[in-house]
Amino acid sequence: MSTEVSLPVLSPKDFASDQEIRWCPRCGDYSILAQIKKVLPTLGIPRENFAFISGIGCSSRFPYYVNTYGLHSIHGRAPAIATGLKIARPDLQVWVITGDGDGLSIGGNHLMHAIRRNVDLKIIMFNNQIYGLTKGQYSPTSPHGKKTKSTPFGSIDNPLSPLSVAIGSEATFVARSVDVDIKHLTMVLERAAHHRGTAFVEVYQDCNVFNTGAFEFASKKDQKLENCIYLEHGKPLIFGPRSDKGIRLTGDGRPEVVNLDEVSQDDLLFHDEKADDPSLAFQLARMRWPDSPEPMGIFRAVERPTYDGELVQQMDTVIEKNGPGDLEALFNTGDTWEVT
């Protein structure tokens, strides 16, 4: 007699909650929510085995809007809370939803250590280069000179590059997409969902109230092909509306733009997302518009043991060797003192 149990076929509607979505009209968050709800039912995971953990900010309302388990936590601490959950419940697929302010300011330390440990989390960072929820202060990713309510004469900070932080922490999966590029964003999210280990995805997200148009260079159909390079594993870095430009490395290892009527495609830089050395991925992350065309897609996708997997294995080994722990015995081990 067969004991196989077939899972119900889910659709994006099954992941829609009954909560009123409270984002500003035309906010880029709507598109990211829609694409994640599109990806979830394709993963073959029961709805009760998903958990969404967020911090504070506009993006962090996300757990209310998906019909799964979730936790709207505290500012910057979502990676730490998600790490604890994944360790306690390795059977869950845990997603972290954060923003550039939440994840890179107060949460920068938690984010970095979750990435370097390679905890099996899907970390999606909504980057709008502004603090939206608190009404328009500059964020860690705001460009130099940005005038905001907290920098009325222009920001003098050097902005952080989220992908550089992730690759510098040796993330095993790093990617970037744009909120309104639906097909590309869906592909990136699908790849992230299937990756085992920390999958870090930066999504350029338009805050149409406090920082509108920040990413038009990458979202406008008449501009993005000129301004962006779409990374494909094993293929040369070619871009332009007529695919007539490319990227090659100079003698000292720096990327430079060349015209394909002057050089052969064989001279171009070929993308290798599986390279164990993250140096080239880091160089690609440093290519920023308008100084150079900006890469989009999967920068890095390598396999490495996960923190949660190794921890569970270590605990199993210790229990097999020494038996289950005895807390009472631990308290009474070694030197003790009686306080009167």
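Reference entry: report on the structure contained in this document. Remember, predicted model here, so these are calculated numbers, not experimental data.

1. Topic: the overall build of the chain
Argument step 1. Scanning the chain from N- to C-terminus turns up eleven helices and eleven strands.
Argument step 2. Taking 2.2 N^0.38 as the reference for a compact globule, 340 residues should give roughly 20 Å; the C-alpha atoms of the chain span a radius of gyration of 22 Å, in line with that estimate.
Argument step 3. With the C-alpha coordinates of the chain rotated into their principal frame, the extents come out at 80 × 60 × 45 Å.
Argument step 4. Counting every position in the chain, which comprises 340 residues, the buried fraction comes to 46%.
Argument step 5. Across the chain, the fraction of contacts at a sequence separation of at least 24, relative to all contacts at a separation of at least 6, is 66%.
Argument step 6. Of note, the chain has its 35 positive side-chain charges centred 7 Å away from the centre of its 43 negative side-chain charges.

2. So, helix H4 (residues 108–117)
Because an α-helix packs 3.6 residues into every turn, residues spaced three or four apart end up facing the same way.
Argument step 1. Listing the buried residues of H4 in full gives Gly-108, Leu-111, Ala-114 and Ile-115. Buried positions in H4, seen along its axis, are confined to an arc of 135° and lie on one side of it.
Argument step 2. Contacts made by the buried residues of H4 are with helix H2 (78–88), helix H3 (100–104), strand S4 (121–127), helix H5 (162–168) and strand S6 (199–204).
Argument step 3. One or two positions beyond H4, positive phi appears at Asn-118, with a value near 60°.

3. What to know about the packing of H2 against H4
Argument step 1. Where H2 meets H4, the axes come as close as 7 Å, and the angle between the chain directions of the two elements is 40°. One way to sum up the angle between H2 and H4 is to call them oblique. Between H2, through Pro-79, Ala-80 and Thr-83, and H4, the contact on the second element is made entirely by His-110, Leu-111 and Ala-114.
Argument step 2. Among the residues making up the contact of H2 with H4, the classes are represented as four nonpolar, two polar and no charged.

4. Focus on the pattern of salt bridges
Argument step 1. Summed over all chains, the structure comprises 16 salt bridges.
Argument step 2. In this structure, Arg-176 and Glu-294 form a salt bridge, with 3.5 Å as the shortest nitrogen-oxygen distance. Taken as a pair, Arg-176 in strand S5 (residues 173–178) and Glu-294 in strand S11 (residues 294–301) lie far apart in primary sequence, 118 residues in all. Grouping residues by exposure puts Arg-176 and Glu-294 together as buried.
Argument step 3. Put simply, Lys-86, Asp-120, Lys-122 and Arg-196 are held in one network by salt bridges that share partners.

5. So, the sheet that holds strand S9 (residues 245–249)
Argument step 1. One open sheet holds the three strands; their spatial order is S8-S9-S10, and the pairing between them is antiparallel. The open sheet has two edge strands, strand S8 (238–239) and strand S10 (255–259), and neither has a second partner.
Argument step 2. Strand direction decides the pairing type here: S9 and S10, joined by five bridges, are antiparallel. Its bridge partner being in S10, Ile-247 is matched across the sheet by Val-257.

6. Observations regarding the packing of aromatic side chains
Argument step 1. Applying the stated rule across the entire model yields nine aromatic pairs.
Argument step 2. For the ring pair Phe-15 and Phe-50, a centre distance of 5.7 Å and an interplane angle of 85° mean the geometry is edge-to-face. Of the two residues, Phe-15 sits in the segment before helix H1 (29–39) while Phe-50 sits in strand S1 (residues 50–54), which places them 35 residues apart along the sequence.
Argument step 3. The exposure class of Phe-15 is buried, given its relative accessible area of 0%.
Argument step 4. Considering the side-chain rings of Phe-52 and Trp-95, the 5.5 Å spacing of their centres and the 20° angle between planes classify their relative orientation as stacked. Taken together, the positions of Phe-52 in strand S1 and Trp-95 in strand S3 (residues 93–99) put the pair 43 residues apart, joining distant regions of the chain. Judged on exposure class, the residue Phe-52 and its partner Trp-95 are both buried.

7. Observations regarding the pairing of S6
Argument step 1. Within S6, six of the six residues are buried, leaving the element largely enclosed by the surrounding structure.
Argument step 2. Because side chains alternate across S6, one face comprises the buried residues Ala-199, Val-201 and Val-203, and the other comprises Phe-200, Glu-202 and Tyr-204, equally buried.
Argument step 3. Taken together, the six bridges between S4 and S6 define a ladder with parallel strand orientation. Residue pairing across strands places Phe-126 opposite Val-203, the latter belonging to S6.

Reading the values: the criteria
Residues numbered from 1 in each chain as written. Predicted model: local features only at pLDDT ≥ 70, side-chain atom pairs only at ≥ 80, totals over all residues. Heavy atoms only, no water. Helix = DSSP H or I, 4+ residues; strand = E, 2+ residues; numbered from the N terminus. Rg over C-alpha atoms; globule rule 2.2 N^0.38 Å. Buried < 20%, exposed > 50% of the residue type's maximum accessible area, 1.4 Å probe, protein only. Contact = heavy atoms within 4.5 Å. Lys, Arg positive; Asp, Glu negative; His and termini not counted. Charge placed at Lys NZ, Arg CZ, Asp CG, Glu CD. Arc of directions from axis to C-beta. Axes fitted to C-alpha atoms, helices over the stretch in contact; angles between N-to-C directions. Parallel < 35°, antiparallel > 145°, perpendicular 65-115°, else oblique. Nonpolar A, V, L, I, M, F, W, Y, C, P; charged D, E, K, R; others polar. Salt bridge = Lys/Arg side-chain N within 4 Å of Asp/Glu carboxyl O. Pairing = 2+ DSSP bridges. Phe/Tyr/Trp six-rings, centres within 6.5 Å; stacked < 30°, edge-to-face > 60°.

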